[in-house]
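The residues making up each chain are set out below.
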Amino acid sequence: MASDFERSPAVRLLPTTSGRGAGAARWRSPGRSGAGALGRLRPVDHGVLHLLEHSPARRATMNALNLWLYEFWLLILSSGLNASFLPEEEDVDFINEYVNLHNELRGSAVPQGSNLRFMTWDVALSRTARAWGKKCLFKTNSYLDELNMVHPKYNGIGENIWVGPENEFTASIAIRNWHAEKDNYDYENGNCTSECSHYLQLVWNNSYKVGCAVTPCSRIGHIKHAAIFICNYAPGGTLRRRPYKKGLFCSECGSADTCTDYLCSNADRDEVIYYRYWYPTWENPRPLICNPVCILTFILRLLCFILCTTVVLLVQKRFPNILLEQEMFFTPDELEERKDRKLKEEKIQKVEEKQEEREEGETRKEEVGEQREEKEEDNAEGDKTEAEEEEEEEQEEEEDD
């Protein structure tokens, strides 16, 4: 750690500036030196300037500023170290560290085990460990007993949890802490004098897959800046019997197994499967992933969108006034209302037409009456004129006589 700190390019020790020459350099303008720079300072009293620069108050201010800068750089450096201190769950060195240590402790179990299986890494188990670790709870994962909630293939998953200060964490410290519980376990009697469940899961003979993750937490219990380290195992231990059979190592392995590091290994069983698209559904926040079904759905939706857009454009081009048409789809209630309204309008229209016909008949009668009166008047006038003419003729005849 010290060598890494010394090589870090983020640390720069700034030399303190003191002396007359350094003080004068502060007053020089960029790109100028020598007589040109001093010429610009000629009006200043250099004795007063020297006193100002080397006064106790100025020295204290500069020292405080330098100290603040050192602390600022160290804070940035420590933040970067803390941010990268805890490994990711798929970090190769991290995986090798805890998988190899599991196999080492299982192979050296006391008393010696005859049917302990060799362990290999499982990505789904490590993702489950990470997902539960995000909750920063020092308690058993509540999804372990639910089908397909913690692994796409295995059920009955085992779990070990360690919590401690973040700056003290290593996978070796946590795992050896679990292994130290062997002092609380009596193999002959199969009893625990105190807590030993972590040790039993660590050396459970049927478990052959392991996945771990470490997560930083601001506080867990009384521990501030804590780290929670979780390992999940498949198949998990039931803890209702002795964790393995005592005997010569690898003496009770399966017929297709081979002995590797005093443990029973099998190429098919130990094959590492990378579940690319599987993540716990209850993880929050959940990583953004898109499996083949997601990709196919996206492509189909895109094609449907393009097709619908094309159809709409073609219809609008063929029928430019289609948006001006009234909507012709109605509910049954609306249809009945429209029928009633139409019947009422028709009745009103018929009443109005009858009324108009009556009015027209009356107007016609009035016109006929007026015409008759006019004719009668004309006839009366004609009769008067004839009587007058006859009287005039009679008067003329009398005058002639």
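In case you missed it, the structure is sitting above this.
Now for a description of the structure that goes with this document.

Rules behind the numbers
- The residue count restarts for each chain, going from 1 along the sequence in the order it is written.
- With the structure being a predicted model, the display of local features is reserved for residues of pLDDT at least 70 and the display and counting of side-chain atom pairs for 80 or more, all residues being used for whole-chain, interface and lining totals.
- With hydrogens and water excluded, all non-hydrogen atoms of the structure serve as input to the side-chain values.
- By salt bridge we mean one thing: a side-chain nitrogen of Lys or Arg within 4 Å of a carboxyl oxygen of Asp or Glu.
- The way it works is that DSSP assigns letters per residue, a run of H or I at least four long becomes a helix, a run of E at least two long becomes a strand, and they are numbered from the N terminus.
- The classification of residues rests on relative accessible area computed with a 1.4 Å probe and restricted to protein chains. Under 20% of the type maximum is buried, over 50% is exposed, and intermediate values are partly exposed.
- Two cysteine sulfur atoms form a disulfide, by the criterion used here, when they sit within 2.5 Å.
- Only protein atoms enter the 1 Å grid used here, on which a cavity is any set of points holding a 1.4 Å probe that cannot leave and a pocket is any open set flanked by protein within 12 Å on both sides along at least five of seven lines; residues with an atom within 4 Å of a point are listed as lining.
- Grid points are joined across faces, edges and corners, and a volume is the space filled by probe spheres set on the points.
- By the convention adopted, Pro, Cys, Tyr, Trp, Phe, Met, Ile, Leu, Val and Ala count as nonpolar, Lys, Arg, Asp and Glu as charged, and the other residues, Gly among them, as polar.

1. Side note on the pattern of salt bridges
In total, this model carries 8 salt bridges according to the counting rule given. When the shortest N-O distance is used, the salt bridge between Arg130 and Glu89 registers 2.6 Å. A residue pair is termed long-range when its members are at least 10 positions apart, and Arg130 in helix 7 (residues 123–133) and Glu89 in the loop between helix 5 (56–83) and helix 6 (92–107) qualify at 41 residues. Here Arg130 matches Glu89 in class, with each residue buried.

2. What about the state of the cysteines?
The tally for this structure, following the rule as stated, stands at 6 disulfides. The disulfide that involves Cys212 links it to Cys231, with 1.9 Å between the sulfurs. Of note, the bridge from Cys212 to Cys231 carries an S-S torsion of about 110 degrees and is right-handed in sense. Residue Cys212 is located in strand 5 (residues 209–220), and its partner Cys231 is located in strand 6 (residues 223–234); the two are separated by 19 residues in the primary sequence. The class for Cys212 is buried, based on a relative accessible area of 0%. Cysteine pairing for the protein chain, with bonded cysteines counted in sequence order: 1-5, 2-3, 4-6, 7-9, 8-10, 11-12. Here Cys304 stays free of any disulfide, with the sulfur of Cys308 as its closest cysteine sulfur at 6.2 Å. Cys304 gets classed as partly exposed once you look at its relative accessible area, which sits at 46%.

3. Topic: empty space enclosed by the protein
Tallying each qualifying case throughout the model produces 1 cavity of 30 Å³ or more. Its volume calculated, the largest cavity comes out at about 30 Å³. Taken together, Arg106, Gly107, Ala109, Gln112, Gly113, Leu116, Phe249, Tyr262 and Leu263 make up the lining of the largest cavity. Residues that form the lining of the largest cavity fall into these classes: 5 nonpolar, 3 polar and 1 charged.

4. Brief notes about the layout of surface pockets
Empty space within the largest pocket amounts to approximately 350 Å³. The wall of the largest pocket is formed by 18 residues, among which Thr140, Leu144, Gly158, Glu159 and Leu239 lie closest to the centre. The set of elements that each furnish at least two residues to the lining of the largest pocket consists of strand 2 (158–165) and helix 9 (197–202). When residues of the lining of the largest pocket are assigned to their parent elements, the largest contribution, 4 residues, is made by strand 2. Looking at side-chain class alone, the lining of the largest pocket contains 5 nonpolar, 10 polar and 3 charged residues.

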